[in-house]
Amino acid sequence: ICGLSAGKIADKVIQNLEDPTDEAITNIRKTFQGIALFGPSVCLGTLSYTMPEDPAIAQILLALAVGLQSFNAAGYGAANQEKAGEKWTGLLYGITSLPSVMVGTFAVYLTGRI
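Remember, it's a predicted structure, so these values are computed and weren't measured experimentally. (Residues numbered from 1 in each chain as written. Predicted model: local features only at pLDDT ≥ 70, side-chain atom pairs only at ≥ 80, totals over all residues. Heavy atoms only, no water.)

Structural notes on the packing of helix H2 (residues 22-49) against helix H3 (residues 55-69)
Remark: H2 packs on H3, axes separated minimally by 8 Å, with the N-to-C direction vectors making an angle of 165 degrees. It follows that H2 is roughly antiparallel to H3 by the angle criterion. When the axes of H2 and H3 are compared, the crossing they make is left-handed. Here Ile35, Ala36, Gly39, Pro40, Cys43, Leu44, Thr46 and Leu47 of H2 come into contact with H3, specifically with Ala58, Leu61, Leu62, Leu64, Ala65, Leu68 and Gln69. Taken together, the residues that form the contact of H2 with H3 break down as 12 nonpolar, three polar and no charged. (Axes fitted to C-alpha atoms, helices over the stretch in contact; angles between N-to-C directions. Helix = DSSP H or I, 4+ residues; strand = E, 2+ residues; numbered from the N terminus. Parallel < 35°, antiparallel > 145°, perpendicular 65-115°, else oblique. Left-handed = near helix turned anticlockwise from the far one by under 90°. Contact = heavy atoms within 4.5 Å. Nonpolar A, V, L, I, M, F, W, Y, C, P; charged D, E, K, R; others polar.)

Dropping the structure here:
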């Protein structure tokens, strides 16, 4: 529900711009990316700092944290490799993907060993 809402809201904000330049669209995407990163951290921080006695409140905070992460979809592309130019896109994509692929590969192995 949050992902669909985030996409619709971002699209509506972009459509309401008088002059939708690339910079304005990037700023909107960065805002939604910020919500996707900051929102869950606030929810999980609140959950860990003030452990509620009512399980429903803990469930709401956890569901809200997961839901706010879906704002990432609306903010996707805020700082992607294509903005550097077509000449460097492939190289930058390879360089930025390598660490995540390596961590993902070794994390599975280490988890199995543990």
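What about the nonpolar core?
If you look at the biggest cluster of nonpolar residues, it comprises 13 residues, and the most contacted ones within it are Ala6, Phe32, Cys43, Phe71 and Ala74. For this core, the elements supplying multiple residues, two or more each, are helix H1 (2-15), H2, H3 and helix H4 (71-75). The element best represented in this core is H2, accounting for five residues. Leave out the neighbours within four places in its chain, and Ala6 touches Phe32, Phe71 and Ala74. (Core = buried A, V, L, I, M, F, W, Y, C linked by side-chain atoms within 4.5 Å. Buried < 20%, exposed > 50% of the residue type's maximum accessible area, 1.4 Å probe, protein only.)

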